[in-house]
Each structure stands twice: as structure tokens, then as C-alpha cells.
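If you want the building blocks of each chain, they are given just below.
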Amino acid sequence: MVVFVCVGCGAVLTTPVSQVALPVHAAQKFGHELLPALLESGTYAVDPEPSGPPRRRWEEVGADEAAARGVYAPVYTLSYGPPGRVGVAPGDVRGTVLIPERCDGYCLGLDGRDGPNLACEGCGQAVATRIDDCTLWQVVWLDPRAVRPVGVEAPARRVVGWEALREEHPGTPPVEQPGRWSPVWTAAVAVALARLLAVSGGKRMAVPDGPVAEAFRKAIDILLPPGAPTREMVLAGPGLPAAITDIALVPQHPQTGEVWPTDARAVVPLAADVWMYLAFHDDRRLVPAASGMPDGVRRDDPPPLLPWRPFRPDWEMFVSTLALLPEVRQPWLRAIYDQVRERRYQHPFW
């Protein structure tokens, strides 16, 4: 366990926290409502990518310099801020005050557009950016130039082994509120979809029936060329039989970021909370129907939460993930990238 302290005066800025993997939906924008905290209390995650100002337009940077920084397709701007910002839950922050002139936001809160908006209460140095506006996951990003970790004596969080992961992380339901798909699902599926296309080589793949098909098949059918499948994609992971296949969709550990090992020719990670639900969850409880119905008829009890529209991956997460994959430089995949980026209001994203 560590606390983060101000590099200027040494003041403690957080409660004791332990590191977890950066959630796949950390950069997501969703709807026009207040989202919950990105991270659980008592944890922190490090974003390895540069973030914040200054930013430069793609036209200024050029394809070669962007590729050297790991961006392989045109984006609106690239950040030239520091890499390694540290995310913590807002409730785990201590000893900071708001910087009033940097408290701008889009609608209902702070969005960090003006740079760090929290200062150390002890010395006044800008140390972090609080994000709590609508459409954004609530988080405080500690500036890696202004803070440093210090080890402390505190009970360490136990790392859950693969064998216990199913019990302790049973999965996030795809529909958490009546009529609305889970934002975690729309982000996680979009990121995995981009990676699936990258390893497909542009060839149609067979998708297993059931929940996996509901999440991925429509998008794959739309984005890949028509025809008979020449590759097979299956779920692989803890609790499932070992499978040697073309493409394995495997869980990524929520604490360590480790990807489930498999002998598949290509491996695509999926956020564990979504993977676990796809692999194991059945939330339908069937009971005999009311009197007057034929024998053997069953109904859901309680009725399941249903969305008001078909599932749609998050288009922005899809294109931002594709832009970071070297495979997007292949003409067929670059064509998909350009098409989705320029016409977001079309299937399978709208």
C-alpha cells in the first residue's frame, strides 16, 4: 500500500491505496448523465499514455512522428502532456483545494479542460485534476510531475487468483438500469471488437451462439466482408475447457492486468467483468406461468431488465483503440477506421 504525497512539501494527498489495472473504459464518454467513480476506493491505476495539455493537431504532427508515439491512424489531436498520470477515487483524496479559475466544465461538473484544478493545501502547488462532469467517469488524476508514492504500513489488498475470480467478480450485467445498456459493456466490447478485427486479417470469423453472438456477431457481420467464415473465435479462460482455436477471447485480470494464457493462434483480451458474464451468467429464473396457461409454460421471475434498443458498441472507444494498433495501417482495416470515424451514425454503432 502507498500514499501519494506532494513533491513540493511532502503533504499526504491520498488515503492508502494499492495498484490495479487501468479500467478499459477510463477514457469513455457516455450519454449525458453523471457516471459513478472510475475506481474502487482504496485503489489506484496508472495511465501509461501522455495526457492533458499541450496538444497538437494531427496535421502538425504528421504520420511518422505519430507512429513513433504509437498512434497509427489520424486522430484530431495528440497529447504532449506527461505520461503516467495516476487515477484515484475522488473520495480517497486528502489535503487539496480547488483552483477556482480552472473549474470549468461542460454541464454538471468539472471536466479538466483547463488543466490541473486541485492544489496542495499545504504549499499551493497544482497537483491533480478532478473529473466529475456528466458523460465522464468520476476520477481524480494525480499529476505524475507533482506527486510521488510513499510506502505505508496498511493491510494490503489481496490479489484474487484466477481460480477465485469467478466467485469474487461474477460479472457486470449488460443492462444495469431499465432501458439502458451498461457503459462498461459498450466500452469493453468496442475495444475487444477493434482487436478482433486486427487479428482477423480481414477474414470472416465464426462467432459462438448465445451472449457472445449478441455482443459481437452483428458488428463483425457488418464490418467484415460477406462469405463463409474461415476462422473461429471462442471464449477461453478459467472454468472453461481448454481449446485450441484461431482466435480466443480471454479475460483480462481486473487487478493485475494479466491476460489469461492460452494456446490459441491469436488472443484478444476482454475486461474480466464482461467476460465472466458472457461465459457463465444466466440471470433468467423460470417459474410456472399463471393458471390458465398450458402445462409446461414458464415465465421469468423477476422479469429481466431489457434495453430499449439493440446493443451498440461505443464507436469512439472503437476508433481510438484501432488508432493505437499497428494493423490499422493495412488498407482494408484503415478503410473501416475511416468509414466509422467519418460516419459514426450508422450500424453497428448507431
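What counts and how
- Residues numbered from 1 in each chain as written.
- Predicted model: local features only at pLDDT ≥ 70, side-chain atom pairs only at ≥ 80, totals over all residues.
- Heavy atoms only, no water.
- Helix = DSSP H or I, 4+ residues; strand = E, 2+ residues; numbered from the N terminus.
- Rg over C-alpha atoms; globule rule 2.2 N^0.38 Å.
- Buried < 20%, exposed > 50% of the residue type's maximum accessible area, 1.4 Å probe, protein only.
- Contact = heavy atoms within 4.5 Å.
- Areas by Shrake-Rupley, 256 points an atom, 1.4 Å probe, with all protein chains shown as cover.
- Lys, Arg positive; Asp, Glu negative; His and termini not counted.
- Charge placed at Lys NZ, Arg CZ, Asp CG, Glu CD.
- Expected span 1.5 Å × (residues − 1).
- Arc of directions from axis to C-beta.
- Pairing = 2+ DSSP bridges.
- Core = buried A, V, L, I, M, F, W, Y, C linked by side-chain atoms within 4.5 Å.
- Polar contact = N/O pair within 3.5 Å; in protein donor to acceptor, adjacent residues only side chain to side chain.
- Phe/Tyr/Trp six-rings, centres within 6.5 Å; stacked < 30°, edge-to-face > 60°.
- Lys NZ or Arg CZ within 6 Å of the ring centre and 35° of its normal.

### Notes on the overall build of the protein chain
A tally of regular secondary structure across the protein chain gives eight helices and 19 strands. Against the globule reference of 20 Å for 350 residues, the protein chain gives a C-alpha radius of gyration of 22 Å, in line with a compact fold. Oriented by its inertia axes, the alpha-carbon framework of the protein chain measures out at about 75 × 55 × 40 Å. Expressed as a percentage of its 350 residues, the buried residues of the protein chain come to 46%. Residue pairs at least 24 apart in sequence account for 63% of intrachain contacts in the protein chain once pairs closer than 6 positions are excluded. About 17500 Å² of surface is accessible on the protein chain, with carbon and sulfur atoms providing 53% of the total. Of the side chains in the protein chain, 34 bear a positive and 40 a negative charge, and the two mean positions are spaced by 4 Å.

### Some thoughts on helix H8 (residues 331–342)
The terminal C-alpha atoms of H8 lie 16 Å apart, and with twelve residues this matches the ideal 16 Å at 1.5 Å per residue to within 8%. Among the residues of H8, those classed as buried are Leu333, Ile336, Tyr337 and Val340. Down the axis, H8 shows its buried residues gathered within 100 degrees of arc, on one side only. Exposed side chains of H8 directed beyond 90 degrees from the buried face belong to Pro331 and Glu342.

### Some points on the sheet that holds strand E16 (residues 247–252)
If you trace the four strands from one edge of the open sheet to the other, you get E14-E15-E16-E17, paired in parallel fashion. On the outer flanks of this sheet lie strand E14 (205–206) and strand E17 (266–271), each paired with one strand and no other. Of the pairings in the sheet, the one linking strand E15 (residues 231–235) to E16 comprises three bridges and is parallel in character. The residue of E16 that forms the bridge with Leu235 is Leu249.

### Quick notes on the nonpolar core
Across soluble globular proteins, nonpolar side chains have a tendency to be buried as a group. Phe216, Leu270 and Phe318 are the most contacted members of the largest nonpolar core, which has 70 residues in total. Take this core: its biggest share by element is 13 residues, from helix H4 (residues 183–200). Every residue in contact with Phe318, bar those within four places of it in the chain, is listed here: Ala190, Leu193, Ala194, Leu197, Leu223, Ile336, Val340 and Phe349.

### What about H4?
Spanning 18 residues, H4 covers 26 Å between terminal C-alpha atoms, matching the ideal 26 Å at 1.5 Å per step. Counting buried residues in H4 gives 16 out of 18 residues, a clear majority hidden from the surface. Backbone nitrogen of Val184 and a side-chain oxygen of the N-cap are separated by 3.2 Å at the start of H4; the cap is Ser182. Gly201 sits one or two residues past H4 and shows a positive phi near 70 degrees.

### Some details on the pairing of E16
With five of six residues buried, E16 is to be regarded as a mostly interior element. In the sheet, E16 pairs with E17 via six bridges, with the strands oriented parallel. Of the residues in E17, the one forming a bridge with Pro251 is Leu270.

### Considerations on the packing of aromatic side chains
Counted by the stated rule, this structure contains seven aromatic pairs. Aromatic pair Phe4 and Tyr44: ring centres 5.1 Å apart, planes at 80 degrees, arrangement edge-to-face. Highlighted residues: Phe4 in strand E1 (residues 2–6) and Tyr44 in strand E3 (residues 43–47), separated in sequence by 40 residues. By relative accessible area, Tyr44 is classed as buried at 11%. Plain terms: the ring middles of Tyr345 and Trp350 are 4.9 Å apart, the flat faces sit at 90 degrees to each other, and that makes the pair edge-to-face. For Tyr345, a relative accessible area of 55% corresponds to the exposed category. For Trp350, a relative accessible area of 42% corresponds to the partly exposed category. Here the guanidinium or amino end of Arg69 rests over the ring plane of Tyr80, the centre of that ring lying 4.1 Å away. A cation sits over an aromatic face here: Arg166 above Phe280, 3.8 Å from the ring centre.

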